[in-house]
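Chain by chain, the residues:
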Amino acid sequence: MRRVIGKSTIDLAPDEFAELRSRYRDLVVDVGTGNGKHVLAVARSRPDALVVGLDAGPDAMRPTAARAAAKPSKGGQPNALFVWAAVEKWPDGLDGVTEVHALMPWGSLLRALVRPDTEVLRAVADRCRPGADFLVTLNLHAWRPPVPEVGETAEPTADSAQGELAEAYAGGGWRIESAEALGPDDIAGLGTSWTKRLGSSRDELAVLGLRGRIG
């Protein structure tokens with residue numbers, strides 16, 4: 001897998017990743033991590049977890065990856081790792097995932113999660129341990145007006161997410177157990193700058209949170 005460390009990208013062999021993974025109880029993967037700030041926040045709050053940020057574009061996460069790779073005495077976070085890869089091309093060796101996050105997805109990831117693409121969901125599920133938790137947060141302003149990625153899909157609600165969307169997710173091995181609109185404190189607690197940027201341009205930020213288990 002291609003590990004991002006600041007301006008550099010290095011190849012991390014599966015056995016090297018396995019050795020790193022063995023030091024931690026949990027493996028959390030944040031897909032479509034963007035600038036990776038959520039990864040850093042989770043890693044700091046959960047020292048028993050290896051937290052991996054996965055994104056198809058490496059540039060946005062390079063500054064955060066550089067901070068994470070620094071010595072702990074200088075603010076580094078050894079349990080945070082950043083990988084350059086699209087969710088559709090999951091890196092070899094990134095297995096045994098115990099938790100998946102997808103916060104404010106955009107582009108092809110948004111399309112895969114809202115249409116949804118059961119092949120992508122199943123491919124991720126195959127890399128998870130049975131019963132892995134997931135958290136998906138959807139920016140409902142993507143339907144106001146609709147962006148190309150959501151197509152003609154209806155704006156999801158808590159009810160529709162636990163109905164039609166849950167049925168489709170189940171086909172990919174994901175079981176939606178709860179769906180609810182997130183309040184301001186919930187949104188702030190996500191630790192992602194997406195919420196700050198989107199919220200600064202709107203009086204109210206509409207976000208739907210989906211939680212459940214995989215496998």
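Undergrad: What should I look at first to understand the environment of Thr-9 in this one?
TA: Within the element layout of this structure, Thr-9 appears in strand S2 (residues 8-11). Given a relative accessible area of 32%, Thr-9 falls into the partly exposed group. A C-alpha to C-alpha distance of 18 Å links Thr-9 and Asn-79, two positions 70 residues apart in sequence. Filtering out sequence-adjacent residues up to four positions away, Thr-9 remains in contact with Arg-2, Arg-3, Val-4, Arg-62 and Trp-84. At a separation of 3.4 Å, a polar atom in the side chain of Thr-9 contacts the side chain of Arg-62.

Undergrad: I'm lost on the pairing of strand S5 (residues 80-84) in this one. Help?
TA: Regular strands place side chains that alternate from one sheet face to the opposite one. With four of five residues buried, S5 is to be regarded as a mostly interior element. Of the crossover connections in this fold, the one passing from strand S4 (residues 49-55) over helix H3 (residues 62-69) to the parallel S5 is right-handed.

Undergrad: Help me understand the environment of Gly-53 in this model?
TA: Tracing the backbone shows Gly-53 in strand S4. Residues Gly-53 and Val-83, 30 residues apart in the sequence, show an inter-C-alpha distance of 6.1 Å. Setting aside residues up to four positions removed in sequence, Gly-53 forms contacts with Asp-30, Thr-33, Val-39, Met-61, Leu-81, Phe-82 and Val-83.

Undergrad: Explanation requested: the packing of aromatic side chains in the structure shown.
TA: We describe a pair of aromatic rings using the distance from one ring centre to the other and the angle between the two ring planes. Enumeration over the complete set of coordinates arrives at three aromatic pairs. Seen in terms of ring centroids, Tyr-169 and Trp-174 are 5.9 Å apart; in terms of plane orientation they differ by 90°. Their pairing is edge-to-face. Classification of Tyr-169 by relative accessible area gives buried; the value is 0%. Positioned over the ring face of Trp-84 is Arg-2, at 4.2 Å from the centre of the ring.

Undergrad: It is not clear to me how the pattern of salt bridges should be interpreted in this structure. Could you clarify?
TA: Pairing between side chains of opposite charge can happen when their charged atoms approach one another. Evaluation of the coordinates by the stated rule reveals 12 salt bridges. The shortest N-O distance in the salt bridge between Arg-46 and Glu-99 comes to 3.0 Å. One end of the pair, Arg-46, is in the loop between helix H2 (37-45) and S4; the other, Glu-99, is in strand S6 (residues 97-103), and 53 residues separate them in sequence. Across the salt bridge formed by Asp-133 and Arg-213, the nearest N and O atoms sit 2.8 Å from each other. With a gap of 80 residues between them, Asp-133 in strand S7 (residues 128-139) and Arg-213 in strand S9 (residues 207-214) connect regions that are remote in the sequence. Where salt bridges share partners, they join Arg-25, Asp-26, Arg-46, Asp-48 and Glu-99 into one cluster.

Undergrad: What is the right way to look at helix H5 (residues 118-125) in this model?
TA: Note that an α-helix has 3.6 residues per turn; residues three or four places apart therefore point the same way. For H5, every residue scored as buried is listed here: Val-120, Leu-121, Val-124 and Ala-125. All buried residues of H5 lie within an arc of 140° about the axis, which places them on one face of the element. Those residues of H5 that are buried lie in contact with S6, helix H4 (107-114), S7, helix H6 (158-170), strand S8 (174-181) and S9. The distance from a side-chain oxygen at the start of H5 to the backbone nitrogen of Glu-119 is 3.0 Å, and the residue carrying that oxygen is Asp-117.

Undergrad: Would you take a moment to explain the environment of Leu-81 for this structure?
TA: Tracing the chain through its elements places Leu-81 in strand S5. For Leu-81 and Arg-3, which are 78 residues apart along the polypeptide, the C-alpha to C-alpha distance reads 7.4 Å. Other than its neighbours up to four places away in sequence, Leu-81 contacts Arg-3, Leu-12, Phe-17, Leu-20, Val-39, Val-51, Val-52 and Gly-53.

Undergrad: Explain the side chain of His-38 to me, please; I cannot follow it from the model alone.
TA: Position of His-38 among the secondary structure elements: in helix H2. For His-38, a relative accessible area of 7% gives the class buried. In this structure His-38 touches Asp-30, His-101, Leu-103, Leu-190 and Gly-191, once residues within four positions along its chain are discounted.

About the criteria used
- Residues numbered from 1 in each chain as written.
- Predicted model: local features only at pLDDT ≥ 70, side-chain atom pairs only at ≥ 80, totals over all residues.
- Heavy atoms only, no water.
- Helix = DSSP H or I, 4+ residues; strand = E, 2+ residues; numbered from the N terminus.
- Buried < 20%, exposed > 50% of the residue type's maximum accessible area, 1.4 Å probe, protein only.
- Contact = heavy atoms within 4.5 Å.
- Polar contact = N/O pair within 3.5 Å; in protein donor to acceptor, adjacent residues only side chain to side chain.
- Right-handed = clockwise from strand over helix to strand, strands pointing away.
- Phe/Tyr/Trp six-rings, centres within 6.5 Å; stacked < 30°, edge-to-face > 60°.
- Lys NZ or Arg CZ within 6 Å of the ring centre and 35° of its normal.
- Salt bridge = Lys/Arg side-chain N within 4 Å of Asp/Glu carboxyl O.
- Arc of directions from axis to C-beta.

Everything listed here is a matter of geometry and, on its own, says nothing about what the molecule does.
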